[in-house]
Amino acid sequence: MTASAPVPVHLPEPSPLPPAEPAPGCGVCAALVRQRAEALAAGDQSKALDLSIEIRNHPHNPGSTA
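Residues numbered from 1 in each chain as written. Predicted model: local features only at pLDDT ≥ 70, side-chain atom pairs only at ≥ 80, totals over all residues. Heavy atoms only, no water.

## A closer look at helix α2 (residues 45–57)
For clarity, the threshold we go by: In this description a helix means any DSSP run of H or I spanning at least four residues, a strand means any run of E spanning at least two, and both kinds are numbered starting from the N terminus. By this rule the span expected of a helix is its residue count minus one, scaled by 1.5 Å. The classification of residues rests on relative accessible area computed with a 1.4 Å probe and restricted to protein chains. Under 20% of the type maximum is buried, over 50% is exposed, and intermediate values are partly exposed. The directions from the helix axis to the C-beta atoms form the arc being described. Note on definitions: a residue-residue contact is assigned when non-hydrogen atoms from the two residues lie within 4.5 Å.
Along its 13 residues, α2 runs 18 Å from first to last C-alpha, staying within 8% of the 18 Å computed at 1.5 Å per residue. For α2, the full list of buried residues reads A48, L51, S52 and I55. Burial along α2 is one-sided: seen end-on, the buried residues are contained in an arc of 105°. Those residues of α2 that are exposed and angled more than 90 degrees off the buried face are L49 and N57. On the buried face of α2, the contacting elements are α1 (27–41).

## Observations concerning the packing of α1 against α2
For clarity, the threshold we go by: Each axis is a line fitted through C-alpha atoms, taken for helices only over the stretch in contact, and angles between the N-to-C directions span 0 to 180 degrees. Between 65 and 115 degrees an angle is taken as roughly perpendicular, under 35 as roughly parallel, over 145 as roughly antiparallel, and anywhere else as oblique. Crossings are assigned a handedness: left-handed for a near helix turned anticlockwise from the far helix by less than a right angle, right-handed for a clockwise turn. By the convention adopted, Pro, Cys, Tyr, Trp, Phe, Met, Ile, Leu, Val and Ala count as nonpolar, Lys, Arg, Asp and Glu as charged, and the other residues, Gly among them, as polar.
Two numbers describe how α1 lies on α2: the axes approach to 8 Å, and their chain directions differ by 165°. What the angle tells us is that α1 and α2 run roughly antiparallel. In the crossing of α1 with α2, the sense of the turn from one axis to the other is left-handed. Residues L32, V33, Q35, R36, A39 and L40 of α1 form the contact with α2, whose participating residues are Q45, K47, A48, L51, S52, E54 and I55. Here the contact of α1 with α2 is built from residues that sort into seven nonpolar, three polar and three charged.

Okay, structure coming up:
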């Protein structure tokens, strides 16, 4: 029996998510947007991505601003 090399796996590029949008009137989201802008201005793409994820996942209840 002969051993063969494993076949390489080629994964597709992930499709980019649309920009995270803050909830209107939410102070937490507004602060996160400011922090994201500062991170982008400083060239910190990793921190900006983390903040975008936090904006996207920030919980909002109907009728609530926080």
